[in-house]
Amino acid sequence: IDIPPFYLPPKPRPNITSDNNNTSPPKYTRFPGVITDHTWSSIHERVREVFSAAAADDGGGGEENAALNVDAFAEITTQYFQFPRFFNRPLHRRIVTLYGTPVNTPTPDPPEGEEEESPETPEEVVTIDMMEQYWTEYMELFDSHDRFYQLVKQPDSEYVTKDDFLPFIEELLNSHPGLEFLSNHAEFQEKYAITVITRIFYVVNSHTHNGKITARQIRRSDLLSSFQTVDEEEDINKVTQYFSYEHFYVLYCRFWELDSDRDYRITREDLLKYAEHSLSHTIVDRIFDAAPRPFTNDSSPPPTAAETPENDESTNNHRDYLSYEDFIFFMLSEEDKANEISVRYWFTCIDVDGDNKLNNMEMRSFYAVQLDRMQCLGHEIVPFEDMLCQMIDMIKPAHQDYLIVSDFLQLECAQVSGALFDALFNLNKYMQFEQRDPFMERQKREDEFDSDWDRFACIDYTRLAMEEEAREEEAMEIDWVTVEEDDDDDDMGDEFSSLGLGGASEAPF
């Protein structure tokens, strides 16, 4: 398995002009008009016209035969349900599942000696009565956020799980022009889907990280608007929230670089190599032991040695490794410490006693490892008291004896509060902070990026692109050398032939 292919921006779609010189709307433009009255009676007549037109096109003639297959249902999905276009197939399937009538066609027994032919599956269609039932039960009484929630989750569930998003991301992969180049790479389509879903849970499910997204969490997030944005934007990399392919590429390649044995698991020894061994072994241990995980509930303690049978591999604690999803949580938190999610992630790791307070003893124990590393690497030693005094002056906590999460989340220190975490466990970044250039810091604040993660991902993707280009150039040089050697061999063959040795001579080795 190789690393994913590089992203190539889609070519602009040409505008198709009709006879009256009206330009048709691009593929990913939503239908105009916002429905303010959500009752079925307010849209019934317009929806009936769509169904009747479909019946007439199919030659059915009567309204009683009106039904829409998944392709014909797209107008209903976007104009009346006001969902993104790639929601069409999951929505159509949901209505058929809830209100469709199973078709049981008896199959005659095949003649003796002949194999039974599998019956053709009838095309799934939605009638206007089926749509009315779904609308009145799941749409009429809800606003756009609750409609989204009702569609994505399973009908009998009270929350959204990671598997609930899969049909929607699969449709995005199949239809979005910015992801078309992945059509022949099923492995990376799967990894892209996992990455998008994990990033959704990282942001939306941030306060619980239990793998269960509630209606309230969706309402308080930008998830619905992000789905609408990716539906309208042809360049997938411009949708940096959740969907950017470049962001996926950076995350997956970093994971791939560490996962040397290709078992899709990162061990403690693997993670110590991250970013040129920038992390201390104490924080790596805490990441494995205490950091939030996206799709596991770790409220129950691991089994004791007495409770675990000897050599029972089935009871191995999943805390012994990081999965790809766990690594995404780690890397998003590590490369952008200026947001609430990453602050809570690292606060949990540093808060060893779990009292929701960082005291001097806890911070000193982490910084002691940093002091040893400074000395071994020849850096100027910064005493703990000097470091802490500098950080307290920047953060200005409510209490002088300890720090709490809200201290890091103050608006005036959002961009510098992460420096304390770097000082405690990431020596490379702490040294960069100590030697920072004020002019470069001002440029960073004025650049085009919305977050530290967006900036890091852009820089790292450029690095990966340059490395890939260098590998391709090296491979071309090797090919040229091979061709020249082949030409030399041909010339030697001609010389041997002229000496009367001919092609039957054995090679001299």
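Values in this document were obtained by computation on a predicted structure and should not be read as measured data.

*Asks:* How should the overall build of the chain be read in this particular structure?
*Replies:* Along its length, the chain carries 22 helices and 4 strands. Counting only residues that meet the buried cut, the chain has 41% of its 509 residues in that class. Across the chain, every contact between residues at least 6 apart in sequence was considered, and the portion connecting residues at least 24 apart equals 69%. A total accessible area of about 28,800 Å² is found for the chain, and carbon and sulfur atoms account for 50% of it.

*Asks:* What is the right way to read the nonpolar core from this model?
*Replies:* A general feature of soluble globular proteins is that nonpolar side chains tend to end up buried together. By size, the foremost hydrophobic cluster in this structure holds 127 residues, and its most contacted members are Phe81, Phe165, Phe243 and Leu271. Among all residues touching Phe243, those that are not within four sequence positions of it are Ile169, Leu172, Tyr192, Val196, Arg199, Ser226, Phe227, Val230 and Ile236.

*Asks:* Is there a simple way to explain the layout of surface pockets in this structure?
*Replies:* The gaps left among the atoms become clear once a water-sized probe is rolled over them. In this structure, the largest pocket encloses a volume near 1,600 Å³. Lining the largest pocket we find 44 residues, and of these Glu335, Lys429, Gln432, Lys444 and Asp452 sit closest to its centre. Of all the secondary-structure elements, those providing two or more residues to the lining of the largest pocket are α10 (245-258), α12 (274-277), α14 (324-335), α19 (418-425), α20 (427-434), α21 (438-446) and α22 (452-498). Broken down by class, the residue content of the lining of the largest pocket amounts to 13 nonpolar, 10 polar and 21 charged.

*Asks:* Just checking my understanding: could you explain helix α7 (residues 186-204) for this structure?
*Replies:* One turn of an α-helix holds 3.6 residues; hence residues three or four places apart share an orientation. When the terminal C-alpha atoms of α7 are compared, their 27 Å separation across 19 residues agrees well with the 27 Å that a helix rising 1.5 Å per residue should span. With respect to burial, α7 is a largely interior element, 15 of its 19 residues being buried.

*Asks:* Looking at this model, I keep getting lost on the packing of aromatic side chains. Mind explaining?
*Replies:* Each aromatic ring pair is characterised by the separation of its centres together with the angle its planes make. Counting across every chain of the model gives 44 aromatic pairs. Measuring from centroid to centroid gives 6.1 Å for Phe81 and Phe83, while their planes differ by 10°, and the two rings are stacked. For the pair formed by Phe81 and Phe83, the shared burial category is buried. Where Phe87 meets Phe168, the ring centres are 4.7 Å apart and the plane angle is 55°; that geometry is what we call tilted. Remark: Phe168 occurs in helix α6 (residues 162-175) and Phe87 occurs in the loop between α2 (74-79) and α3 (88-99); sequence separation between them is 81 residues.

*Asks:* How should I be thinking about a negative patch on the surface in this particular structure?
*Replies:* A contiguous patch of negative charge on the surface is contributed by Glu469, Glu472, Glu473, Glu474 and Glu477. Tracing the chain through its elements places Glu469 in helix α22. Overall, Glu469 belongs to the partly exposed group, its relative accessible area being 46%.

*Asks:* Quick question: what am I supposed to make of the side chain of Gln150 here?
*Replies:* Along the chain, Gln150 falls in helix α5 (residues 144-152). In contact with Gln150, other than residues within four places in its own chain, are Arg94, Tyr138 and Phe142.

Reading the values: the criteria
Residues numbered from 1 in each chain as written. Predicted model: local features only at pLDDT ≥ 70, side-chain atom pairs only at ≥ 80, totals over all residues. Heavy atoms only, no water. Helix = DSSP H or I, 4+ residues; strand = E, 2+ residues; numbered from the N terminus. Buried < 20%, exposed > 50% of the residue type's maximum accessible area, 1.4 Å probe, protein only. Contact = heavy atoms within 4.5 Å. Areas by Shrake-Rupley, 256 points an atom, 1.4 Å probe, with all protein chains shown as cover. Core = buried A, V, L, I, M, F, W, Y, C linked by side-chain atoms within 4.5 Å. 1 Å grid on protein atoms, 1.4 Å probe; cavity = no way out; pocket = protein on both sides within 12 Å on 5 of 7 lines; lining within 4 Å. Points joined across faces, edges and corners; volume = space filled by probe spheres on them. Nonpolar A, V, L, I, M, F, W, Y, C, P; charged D, E, K, R; others polar. Expected span 1.5 Å × (residues − 1). Phe/Tyr/Trp six-rings, centres within 6.5 Å; stacked < 30°, edge-to-face > 60°. Patch = residues over 30% accessible without salt bridge, like charges linked within 9 Å, V, L, I, M, F, W, Y side chains within 5 Å. Salt bridge = Lys/Arg side-chain N within 4 Å of Asp/Glu carboxyl O. Lys, Arg positive; Asp, Glu negative; His and termini not counted. Charge placed at Lys NZ, Arg CZ, Asp CG, Glu CD.

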